[in-house]
Amino acid sequence: MHRALLFVLSLVGSIAATGAETATFSKISWQPQVLVNGSACLFTVTVQGAPQKVTAKWLKRDIEFSHGVRGTWYALAGVAYEVKSGSYNLEFSATMPDGRVLREMRRVAVHAARYKTSRLTVPEKYVTPDPETLKRIEADKAVKAVAFAHQMPTPQWSGDFIAPVSTGMSEAYGTSRTFNGKLASVHRGEDFHAPMGTPVHASNSGEVVLARELFYEGNCVIIDHGLGFMTMYMHLSQFTVREGDKVEKDQVIALSGDTGRATGPHLHLAVRWNGEYLDPAKLFALKLPEQP
Ligand SMILES: [Zn+2]
């Protein structure tokens, strides 16, 4: 009897605590309002009581929030191409100065994007690589794995991401493509028209974690923007930055070309978030905070 009463009391306590915790989190929002598979998104939340750290679990990944103005916290994140339409949990945790961890949850709807299909023809070696080339491709994977493992604990970007060239898109992200009538793959970046030698600009500030020639990507630059967010620029003819360089948004990092698996001169831009490739056009559309 006594025990049962205690149990009821502790239950009431936890309900009351949950009520208090809910008031801690407010103005939870995201951009864009409608998320689809392939979306880049910005989560924003206001947290009372000066938490030391705000994180969230989203699509099985841990995302870390950065401190904005007036108690706001924000995090750049995404929705992988493979995510099916449905409703997913966004689970916040805030670590308070006294060590308590407060939690809040939102259901976020993800809709199915409508992406296109296309057929392309490239030199046969890019579709059925010979054993020598397969070795090269494996070596490239190891080089990229090192670049992708690079970690920067704070956002290096500030404000909106910009298109790396002003010449317009030639093929959208998400297009289901067939190479030479047999190899099927999904286009995990955005292609831009870029006549040979067009200056390519950094989409945002960050650190160059790769600037070298790879088999499929050709001459490739990867910029780390912090907290698992990177941009990759492919098929370049010339580099104007080196690995380890810090770059500012809009700085020229390379000249465009047709190296690697390319049907002709163009720029392929990929946006990588924690191992997933997102739609660059959807990233450019976000209105992002300036870093303090
Ligand atoms: Zn492409």
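Look a little higher up for the structure.
On a predicted model such as this, the values are computed, not experimentally measured, just so you know. (Residues numbered from 1 in each chain as written. Predicted model: local features only at pLDDT ≥ 70, side-chain atom pairs only at ≥ 80, totals over all residues. Heavy atoms only, no water.)

A. Examining the overall build of the protein more closely. What the protein contains, in helices and strands, is three helices and 22 strands. Considering only C-alpha atoms, the protein reaches an extent of 80 × 40 × 35 Å along its principal axes. Buried positions account for 46% of the 292 residues belonging to the protein. Long-range contacts, defined as pairs at least 24 residues apart, comprise 68% of the intrachain contacts of the protein with a sequence gap of at least 6. (Helix = DSSP H or I, 4+ residues; strand = E, 2+ residues; numbered from the N terminus. Buried < 20%, exposed > 50% of the residue type's maximum accessible area, 1.4 Å probe, protein only. Contact = heavy atoms within 4.5 Å.)

B. Structural view of the sheet that holds strand 12 (residues 176-179). Across the sheet, which stays open at both edges, the three strands sit in the order 10-12-13 with mixed pairing between neighbours. Two strands bound the open sheet, and with one partner strand each, they are strand 10 (117-120) and strand 13 (183-186). Here the strands of the sheet are splayed against their neighbours by 25° on average, with no regard to which way each runs. Where strand 10 lies against strand 12, four bridges are found, and the strand directions are parallel. Across the sheet, the residue bridging to S118 is R177, located in strand 12. (Pairing = 2+ DSSP bridges. Axes fitted to C-alpha atoms, helices over the stretch in contact; angles between N-to-C directions.)

C. Broad picture of the coordination of the zinc ion. Coordination of the zinc ion by the protein involves H187 (NE2), D191 (OD) and H268 (ND1), with metal-donor separations of 1.9 to 2.2 Å. Motif for the zinc ion, donor spacing along one chain: H-x3-D-x76-H. Look at D191 and you get buried, because its relative accessible area is 7%. (Donors = N, O, S within 2.8 Å, 3.2 Å for Na, K, Ca; no water.)

D. Up close: the pairing of strand 20 (residues 252-256). Strand direction decides the pairing type here: strand 15 (residues 199-201) and strand 20, joined by three bridges, are antiparallel. Looking across to strand 20, one finds that H201 is bridged to V252.

E. Molecular detail of the layout of surface pockets. Taken as a whole, the largest pocket holds about 720 Å³ of empty space. Around the largest pocket, the lining comprises 32 residues; the ones closest to its centre are R177, Y216, M234, R261 and H268. Mapped by element, the contributors of at least two residues to the lining of the largest pocket are helix 2 (131-148), strand 11 (169-171), strand 12, strand 13, strand 18 (229-239) and strand 21 (266-273). The dominant element in the lining of the largest pocket, judged by the number of residues it contributes, is helix 2, at five residues. Taken as a whole, the second largest pocket holds about 440 Å³ of empty space. Lining the second largest pocket are 24 residues; nearest its centre among them are G226, L227, G228, F229 and N274. For the lining of the second largest pocket, the secondary structure elements donating two or more residues are strand 5 (61-64), strand 7 (72-78), strand 18 and strand 21. Grouping the amino acids of the lining of the second largest pocket by side-chain chemistry returns 13 nonpolar, eight polar and three charged. (1 Å grid on protein atoms, 1.4 Å probe; cavity = no way out; pocket = protein on both sides within 12 Å on 5 of 7 lines; lining within 4 Å. Points joined across faces, edges and corners; volume = space filled by probe spheres on them. Nonpolar A, V, L, I, M, F, W, Y, C, P; charged D, E, K, R; others polar.)

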